[in-house]
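# Summary of the model geometry
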Amino acid sequence: MECITVHTRERNQMIDITREVQEAVAATGRTDGLVTVFCPHTTAAITVNENTDPSVCRDILHKLATLIPRRETFYRHGEGNSDSHLKSSLMGVSKQFVLDASTLQLGTWQAIYFCEFDGPRARTVWVSVS
Ligand code: ZN
């Protein structure tokens, strides 16, 4: 298993980690298999989306903020970051990809994003090939 460190700068942010994942996969020495990208955090997530127009990530983050407000009268979690936990569960902490002939199979417009929902922080992403 390979480990990637991601330094986030905002409380809510999507960071393209496609190149880092490709480098981590290469470091395993594997050429084919199933790649799992897993985020071991309860207030972050992994997703796949468009890599060309940055407005897509902005729109996703804005919609998440309207769906899941930072403050709700019913939140009970003592850390005050219930919205971060909810966004993490909604988006999911892992994604899988096909590795074929040393190439991570992604669509032309797809990128792998680390989603920060309680930054800024130093975060970890695990990459394994099976
Ligand atoms: Zn918390």
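Quick summary incoming for the structure in this document. (Residues numbered from 1 in each chain as written. Predicted model: local features only at pLDDT ≥ 70, side-chain atom pairs only at ≥ 80, totals over all residues. Heavy atoms only, no water.)

What follows is about helix 1 (residues 18–28). Along helix 1, the positions that sit buried rather than exposed are Thr18, Val21, Ala24 and Val25. Buried residues in helix 1, looked at end-on, bunch into an arc of 125°, giving them a common side. Set apart from the buried face of helix 1 by more than 90 degrees, the exposed residues are Arg19 and Ala26. Trailing helix 1 by a residue or two, glycine 29 shows a phi angle of about 80°, which is positive. (Buried < 20%, exposed > 50% of the residue type's maximum accessible area, 1.4 Å probe, protein only. Helix = DSSP H or I, 4+ residues; strand = E, 2+ residues; numbered from the N terminus. Arc of directions from axis to C-beta.)

Let's shift gears to the pairing of strand 8 (residues 122–129). Burial along strand 8 is one-sided: Arg123, Val125, Val127 and Val129 are buried, and none of Ala122, Thr124, Trp126 and Ser128, which face the opposite way, are. Bridging between strand 1 (residues 2–7) and strand 8 involves six bridges; their strand directions are antiparallel. Bridge pairing links glutamate 2 to valine 127 in strand 8. Note that strand 3 (residues 33–38) and strand 8 share four bridges and pair antiparallel. Residue pairing across strands places valine 35 opposite valine 129, the latter belonging to strand 8. (Pairing = 2+ DSSP bridges.)

Put simply, the ideal angle at a metal is 109.5 degrees for four donors in tetrahedral geometry and 90 or 180 degrees for six donors in octahedral geometry. Around the zinc ion, the protein contributes the donor atoms His77 (NE2), Glu79 (OE), Asn81 (OD1) and His85 (NE2), which lie 1.8 to 2.2 Å from the metal centre. Classification of the site at the zinc ion rests on its four donor atoms, whose angles at the metal span 89 to 146°, yielding the label irregular. Accessibility expressed as a relative area gives 5% for asparagine 81, which makes it buried. (Donors = N, O, S within 2.8 Å, 3.2 Å for Na, K, Ca; no water. Tetrahedral: all angles 85-135°; square planar, octahedral: opposite > 155°, others 65-115°.)

As a further point, take the nonpolar core. What tends to happen in soluble globular proteins is that the nonpolar side chains get buried as a cluster. If you look at the biggest cluster of nonpolar residues, it comprises 21 residues, and the most contacted ones within it are Ile17, Val21, Val35, Ile46, Phe114, Val125 and Val127. Counting residues per element, the ones that place at least two in this core are strand 1, helix 1, strand 3, strand 4 (44–50), strand 5 (94–100), strand 7 (110–116) and strand 8. Setting aside anything within four residues of it in sequence, one finds isoleucine 17 in contact with Val6, Ile46, Ile112, Tyr113, Phe114 and Val125. Counting residues in each nonpolar core, the second largest holds ten residues, with Met14, Cys57, Leu61 and Ala111 among its members. (Core = buried A, V, L, I, M, F, W, Y, C linked by side-chain atoms within 4.5 Å. Contact = heavy atoms within 4.5 Å.)

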